[in-house]
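The lines below spell out each chain.
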Amino acid sequence: MLDFIQLLKQRYEIVLQQLDRKHSRFGEYQQRIEQLLHAEAFIRKGQLLENQPGLPLQIAVIGPTQAGKSSVVNLLLNNDSAGVSPLAGYTVHAQGFCHRVAAEACDGLQHYFGRFQQLGRDALRPGRYDCYSLSPSSNVSALVPDCVLWDTPDFDSIDSTDYREGVVRTIALADAVILVVSKEKYADQSVWELMKFIEAYQQPTLICVNKLMEGSEAVILESLRDKWRQTRSDPPPPMLGILFQKAPAQPQWPARAGSAVAELTQKVIRNKHSVKQQQLVSRYWLPWLEPVFSEHHAQRHWQTLVDQCLADALQDYRRDYLNHPHHYQTFQNALLNLLTLLEIPGLARVLGKTRRAMTWPFRKLLDWGNAKSAANPSHELAVLQQLGEHLLIRLADRVLEKTETEPADSYWWRENAMALRQRRGEILLAYQRAVDSYHQDFQQDVEAAAQRLYRKLQDQPLILNSLRATRATTDAGAMLLAIQAGGIGVQDLVITPLILTITSLLAESAIGSYMHRVEAELKQHQFTTVKNTLFDDCLRQRLYQLPLAVHSQTRFNISEQQCHAAELALKEKKHGLRIL
């Protein structure tokens, strides 16, 4: 699941780079990227707890800019460990302070923070944001238990996008959260957007309102509770106010709230982390994958268009060749093969040599015609070639229509139209090779049909001998000339009457119904072979894969199989969310 969340976040980031800031989905995609960043960090936290169950308690102090987060950290630690400044955005790195905790007990944090590097506080630099610090706290404080207390950067300033990831990872790491707001910032939308999202973390929370004027506590705290109820479904957490103090006086932690942090940490439950992260991902799963599912829908629609065009082409093949009264040649070829089998035993070899000698001048005369017709040896090949070209033209027209009728996916359809145009020659070349291969291979089926008729005739000696007599009294040399040279005149004048004679004899004989059955079966087998070999295996496969080969940065290109595997991992409860 972690791999899938990272992949999805990466694709969102790539797609977002292609969008104009004024695009209707720009802000929406930005928000989803941050949500995915939170989910990634929370799943990493689950891995950390699984690998290091004895990890010390983690408490994060979070809040908007100039709320006084670092001052609250110093109050809780009873020292000046966290740097403070009147300037906004002074803290830009997550800084952890080990309070009565050995640094060795936090070795797993480096793996959790991933690409972030752990440095000493003095080595942190403002321009480098992919790092954090972890240092011991110099004093012992009665306000916090044994833990790592984290001071975090703000999440609402203009520059916060540069160090946002460090903030998100620290919040997800925390077992408990202390939200610090000021009287000027407690109602900011950015604060409550964050608090709404991390509700799925189910972290015990304490809210500190800093810089309050005396006498205003009750009004602001009640307003805070209302804000909480409007934003979240869980009950409002404990809240306390810290009064404003002019420099050099230091703010004071309220005496009545001395045990507030300790009480907060008593609510920490780590053994339900896997359930929490399952609920988190499930809650946002459909919105996150909405554009991915949209691509899947477009892909299925594309496949439907391909299927429709293929079905039309098959219908045209039936009409223009298989069911055409004048152009269907396959069964005639089977009958020609049958004529060869009807040669009188013992005389076939002698007659064959005589015919070749007699037809030598005619064969030489037709060599020129044979060379011209070699490129298109049958009407079926011409029909199949035209059908392939017309299919791609028809499909291209329908795709262009989709660019106008599907505005939400117009980019997707436009890129498909371009890919189809670019690869049209390649697809047609592969199709033409498949047609030639099919035509050559199918001759075996034609010969097999002739053999079936001949074996049936062997069971009817009278009919067989009658056909052999007819065969022997025909100008076989001219027939063989037509078979070898394909001459049109000879076909019309000799072969057609001969085949009509043979067909009439077969139809009027006892095997007439068998002959029609062989013809019907051959025709159906030919249709199935063309459908499977040419239209399904060649054209459908290539056209189905065409959108997947478009490596556009406006597409997510996450397959249905990847989504299905991630959904299975999401539903897996035995060990929580496993890693794909």
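Values in this document were obtained by computation on a predicted structure and should not be read as measured data.

Peer 1: With reference to specific residues and values, describe the overall build of the protein.
Peer 2: Each helix and strand in the protein was counted, giving 21 helices and 8 strands. In the protein, buried positions account for 48% of the 580 residues. Within the protein, counting contacts between residues at least 6 apart in sequence, those at least 24 apart form 80% of the total. Of the roughly 28800 Å² of accessible surface on the protein, 52% is carried by carbon and sulfur atoms.

Peer 1: So what's going on with the sheet that holds strand β1 (residues 58-62)? Which residues, and what values?
Peer 2: Backbone hydrogen bonds hold the strands of a sheet together, and the pairing may be parallel or antiparallel. A sheet is described by the order of its strands in space; here 8 strands give the open sequence β3-β4-β2-β5-β1-β6-β7-β8, paired in mixed fashion. If you trace the sheet from one side to the other, it starts and ends with β3 (117-119) and β8 (239-243), each paired once. Along the sheet, successive strands turn relative to each other by an average axial angle of 25°, direction set aside. When β1 meets strand β6 (residues 176-182), the two strands line up parallel, connected through 4 bridges. Bridge pairing in β6 places V61 opposite I178. Packed on one face of the sheet, helix α3 (residues 69-77) meets β1, β2 (95-99), β5 (147-151), β6 and β8 and runs near 155° to β5. Each of β1, β6 and β7 (205-212) touches helix α6 (residues 189-197); the most contacted strand, β6, lies at about 165° to it.

Peer 1: Got a sec to walk through the pairing of strand β4 (residues 131-136)? Specific residues and values, please.
Peer 2: Buried residues dominate β4, accounting for 5 of its 6 residues. Taken together, the 4 bridges between β2 and β4 define a ladder with parallel strand orientation. If you follow F97 over to β4, its bridge partner there is S135. Note: β3 against β4, 3 bridges, orientation parallel. Residue pairing for β4: L119 is matched across the bridge by S133.

Peer 1: Mind laying out the side chain of D316, listing which residues take part and the relevant values?
Peer 2: As for its position among the elements, D316 is in helix α9 (residues 273-322). Judged by its relative accessible area of 15%, D316 is buried.

Peer 1: Give me the lowdown on the confidence of the model for the protein, citing residues and values where you can.
Peer 2: Confidence in the prediction for the protein averages 82 pLDDT; 82% of positions are at 70 or higher. The secondary structure element of the protein with the lowest average pLDDT is helix α13 (residues 367-373), at 43, and the one with the highest is β1, at 95. The low-confidence segment residues 485-495 (pLDDT under 50) makes 19 contacts with residues lying over four places distant or belonging to another chain.

Peer 1: Outline the environment of D536, listing residues and values.
Peer 2: Tracing the backbone through its elements, the reader meets D536 in helix α20 (residues 512-545). As a C-alpha pair, D536 and L310 span 226 residues in sequence and 8.4 Å in three-dimensional space.

Peer 1: Describe the pattern of salt bridges, listing the residues and the values that go with them.
Peer 2: For the coordinates displayed, the defined rule picks out 35 salt bridges. R25 serves as the salt-bridge partner of E28, at 3.3 Å between the closest nitrogen and oxygen. Its relative accessible area of 21% is what places R25 among the partly exposed residues. Here D234 and R232 are joined by a salt bridge, their closest N and O atoms 2.9 Å apart. Shared partners join several salt bridges into a network, and the residues in it are K9, E13, E40, R44, R115, E165 and R169.

Peer 1: If you had to explain unusual backbone geometry to someone new, which residues and values would you point to?
Peer 2: Peptide bonds are, in most cases, trans, and in most cases residues other than glycine have a negative phi. With phi around 55°, R100 is a residue other than glycine that occupies positive phi space. Relative to the elements of secondary structure, R100 occurs in the loop between β2 and α4 (109-113). What makes R100 partly exposed here is its relative accessible area of 49%. Positive phi values are uncommon outside glycine, yet K211 reaches one of about 65°.

Peer 1: Tell me about the nonpolar core, and name the residues and values.
Peer 2: Counting residues in each nonpolar core, the largest one holds 78 residues, and the members touching the most others are M1, L8, I62, L109, W150 and L224. For this core, the leading source of residues is helix α2 (residues 26-51), giving 11 residues. Setting aside anything within four residues of it in sequence, one finds I62 in contact with K69, T152, I171, V177, I178, L179, V180, L194, M195 and I198. Counting residues in each nonpolar core, the second largest holds 57 residues, with A334, L391, V518 and F527 among its members.

Peer 1: Mind laying out the packing of aromatic side chains, listing which residues take part and the relevant values?
Peer 2: The tally for this structure, following the rule as stated, stands at 20 aromatic pairs. Feature note: the residues F42, F197, Y201, Y284 and W288 constitute an aromatic cluster, connected by ring pairs. Sitting over the face of the ring of Y328, K523 holds its NZ or CZ atom 4.8 Å from the ring centroid.

Peer 1: Lay out helix α7 (residues 217-231) with the relevant residues and their values.
Peer 2: Look at α7: 21 Å from first C-alpha to last across 15 residues, which is about the 21 Å you get at 1.5 Å a residue. All of the buried residues in α7 are I220, L221, L224, W228 and T231. One side of α7 holds all its buried residues, which, seen down the axis, span an arc of 95°. Across α7 from its buried face, at more than 90 degrees, point the exposed residues A218, V219 and Q230. The elements touched by buried residues of α7 are β6, α6, β7 and β8.

Peer 1: For the pairing of β7, give the residues involved together with the corresponding values.
Peer 2: Counting buried residues in β7 gives 7 out of 8 residues, a clear majority hidden from the surface. Pairing of β6 with β7, which is carried by 6 bridges, proceeds in the parallel orientation. Paired with I178 across the strands is L206, a residue of β7. Read from β6 through α6 to β7, the crossover connection turns out right-handed. Pairing of β7 with β8 involves 4 bridges; the strand directions are parallel. Paired with V209 across the bridge in β8 is G241. For the crossover that starts at β7, traverses α7 and ends in the parallel β8, the hand is right-handed.

Thresholds, definitions, all that
- The numbers attached to residues start from 1 for each chain and follow its sequence in the written order.
- Totals for whole chains, interfaces and linings use every residue, but because this is a predicted model, local features are given only for residues with pLDDT of at least 70 and side-chain atom pairs only at 80 or more, for both listing and counting.
- Heavy atoms from the whole structure form the basis of all side-chain values; hydrogens and water molecules are not counted.
- In this description a helix means any DSSP run of H or I spanning at least four residues, a strand means any run of E spanning at least two, and both kinds are numbered starting from the N terminus.
- Note on classification: 1.4 Å probe, protein chains only; a residue is buried when its accessible area is under 20% of the maximum for its type, exposed when over 50%, partly exposed between these limits.
- Whether two residues touch is decided by their heavy atoms; if any such pair falls within 4.5 Å, the residues are in contact.
- Only the protein chains shown count as covering a residue, and every accessible area follows the Shrake-Rupley method with a 1.4 Å probe.
- Here, any two strands with at least 2 DSSP bridges between them count as paired.
- Comment: axis = line fitted to C-alpha atoms, over the contacting stretch for helices; angle = value between 0 and 180 degrees taken between N-to-C directions.
- What pLDDT conveys is the predictor's confidence in a given residue, as a value from 0 to 100.
- Salt bridges, as used here, are contacts in which a Lys or Arg side-chain nitrogen is within 4 Å of a carboxyl oxygen on Asp or Glu.
- Working definition of a nonpolar core: buried Ala, Val, Leu, Ile, Met, Phe, Trp, Tyr and Cys residues. They are joined through side-chain atoms within 4.5 Å.
- In summary, the pairing rule links any two rings of Phe, Tyr or Trp, Trp by its six-membered ring, whose centres are within 6.5 Å, and it sorts them by plane angle into stacked for under 30 degrees, edge-to-face for over 60 and tilted for everything else.
- As a reminder, the over-ring test applies to NZ of lysine and CZ of arginine, requiring each to be within 6 Å of the ring centre and within 35 degrees of the ring normal.
- By this rule the span expected of a helix is its residue count minus one, scaled by 1.5 Å.
- In this description, one arc is meant: the one made by directions from the helix axis to the C-beta atoms.
- Handedness rule for crossovers: strands pointing away from the viewer, path from the first strand over the helix to the second running clockwise, crossover right-handed.

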